Amino acid sequence: MLTTKEAIEKRRSIRKFKPDPIPEEHILAILDSARLAPSGSNSQPWRFKIVREQETRSALAQASHKQSFIAEAPIVLVCCVDIKGFLNGTVSGAQDLGRIGAVEGRIVKIIVDRTERYTPMDIEEITPRIAFNLAIAIEHIVLRALDFGLGTCWIRLFDEKAIKNMFGWGDHIHVVTLLPIGYPAESPAPRQRSSIEEILID
Ligand SMILES: Cc1cc2nc3c(=O)[nH]c(=O)nc-3n(C[C@H](O)[C@H](O)[C@H](O)COP(=O)(O)O)c2cc1C
């Protein structure tokens, strides 16, 4: 098992995969790490589709500007935000936080009132913000996958409409990221990173 530091330092985007299947219990352990991620008001708006079929993986690669390596991974996780789940989860999550005294009653009221007032226009505007929650869960998956010797690559370059049509998903589902997962068939060198000085603002 890697320490958090080791996982963070060892992680690379993997774009070449072996075809070997992934044991089901490892897939479940990885998904469990997503389930445990923090989210605003504990809303837990993440939903995941596990794609194993070769044909569907190829269609996902096709819908991602033909990034063909996506189809090579034995599974591709389609990582989505569920807007209905977000709205319901925000209200019940905020109320729970109020009940246990973690958040003040007046803050719970602000969250619940705001959530119940959202119009479809507001929802469209806040969807990218809701996706922040998913990003945390996805990075949990990315790091936990390393414990099982698995590699991943965040994929954001895709045609969301094409993917939603493939699965027949409605307006409340937004595809945030594709995550091919498999045993690496490459060991890339670390990519360049900015120094700490460069990322600090005076
Ligand atoms: C939000 C996000 C979107 C990305 N989209 C793609 C993508 O569509 N295709 C791809 O090959 N890599 C994609 N990447 C991987 C980045 O290119 C990679 O993280 C970066 O070059 C740093 O390399 P490293 O991950 O190996 O450290 C994405 C990464 C992130 C975090």
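Our subject in this report is the structure included herewith. Just so you know, these numbers come straight off a predicted model, no measurement behind them.

Rules of the game
- Residues numbered from 1 in each chain as written.
- Predicted model: local features only at pLDDT ≥ 70, side-chain atom pairs only at ≥ 80, totals over all residues.
- Near = placed C-beta within 6 Å.
- Nonpolar A, V, L, I, M, F, W, Y, C, P; charged D, E, K, R; others polar.
- Axes fitted to C-alpha atoms, helices over the stretch in contact; angles between N-to-C directions.
- Helix = DSSP H or I, 4+ residues; strand = E, 2+ residues; numbered from the N terminus.
- Left-handed = near helix turned anticlockwise from the far one by under 90°.
- Contact = placed C-beta atoms within 7 Å.
- Expected span 1.5 Å × (residues − 1).
- Buried ≥ 20, exposed ≤ 12 C-beta atoms within 10 Å, placed from the backbone.
- Arc of directions from axis to C-beta.
- Pairing = 2+ DSSP bridges.

### Here's the deal with the site of the ligand
Step number 1: By nearness alone, every residue bordering the ligand is listed as Arg-12, Ser-13, Arg-15, Gln-67, Cys-153, Trp-154, Ile-155, Arg-156, Leu-157, Pro-188 and Arg-191.
Step number 2: Taken together, the residues of the shell around the ligand sort by class into 5 nonpolar, 2 polar and 4 charged.

### Quick word on the packing of helix 2 (residues 24-35) against helix 7 (residues 120-145)
Step number 1: Orientation of helix 2 relative to helix 7, taken along the N-to-C sense of each, is 145°, at an axis distance of 7 Å. Pair helix 2 / helix 7 crosses with right-handed handedness. In this structure, helix 2 uses Ala-29, Ile-30, Ser-33 and Ala-34 to contact helix 7, whose residues at the interface are Ala-137, His-140, Ile-141, Arg-144 and Ala-145.
Step number 2: By residue class, the composition of the contact of helix 2 with helix 7 is 6 nonpolar, 2 polar and 1 charged.

### Examining helix 6 (residues 105-117)
Step number 1: Compared with the 18 Å implied by 1.5 Å per residue over 13 residues, the 18 Å span of helix 6 between its first and last C-alpha is a close match.
Step number 2: Looking at helix 6, one finds that the buried residues are Val-108, Ile-111 and Thr-115. One face of helix 6 carries all of its buried residues, which in axial projection span an arc of 65°. Exposed positions of helix 6 whose direction lies more than 90 degrees from the buried face are Gly-105, Arg-106, Lys-109, Asp-113, Glu-116 and Arg-117.

### Focus: the sheet that holds strand 3 (residues 151-152)
Step number 1: Strand order in the open sheet made by the 4 strands is 1-2-4-3, with antiparallel pairing throughout. The sheet terminates laterally at strand 1 (46-51) and strand 3, the two strands that pair on one side only.
Step number 2: For strand 3 and strand 4 (residues 173-182), the ladder comprises 2 bridges, and the chain directions are antiparallel. Looking at strand 4, one finds that Thr-152 is bridged to Ile-181.
Step number 3: In the packing of helix 3 (residues 54-62) onto the sheet, the strands contacted are strand 1, strand 2 (75-82) and strand 4, and the crossing angle to strand 1 comes to about 120°.

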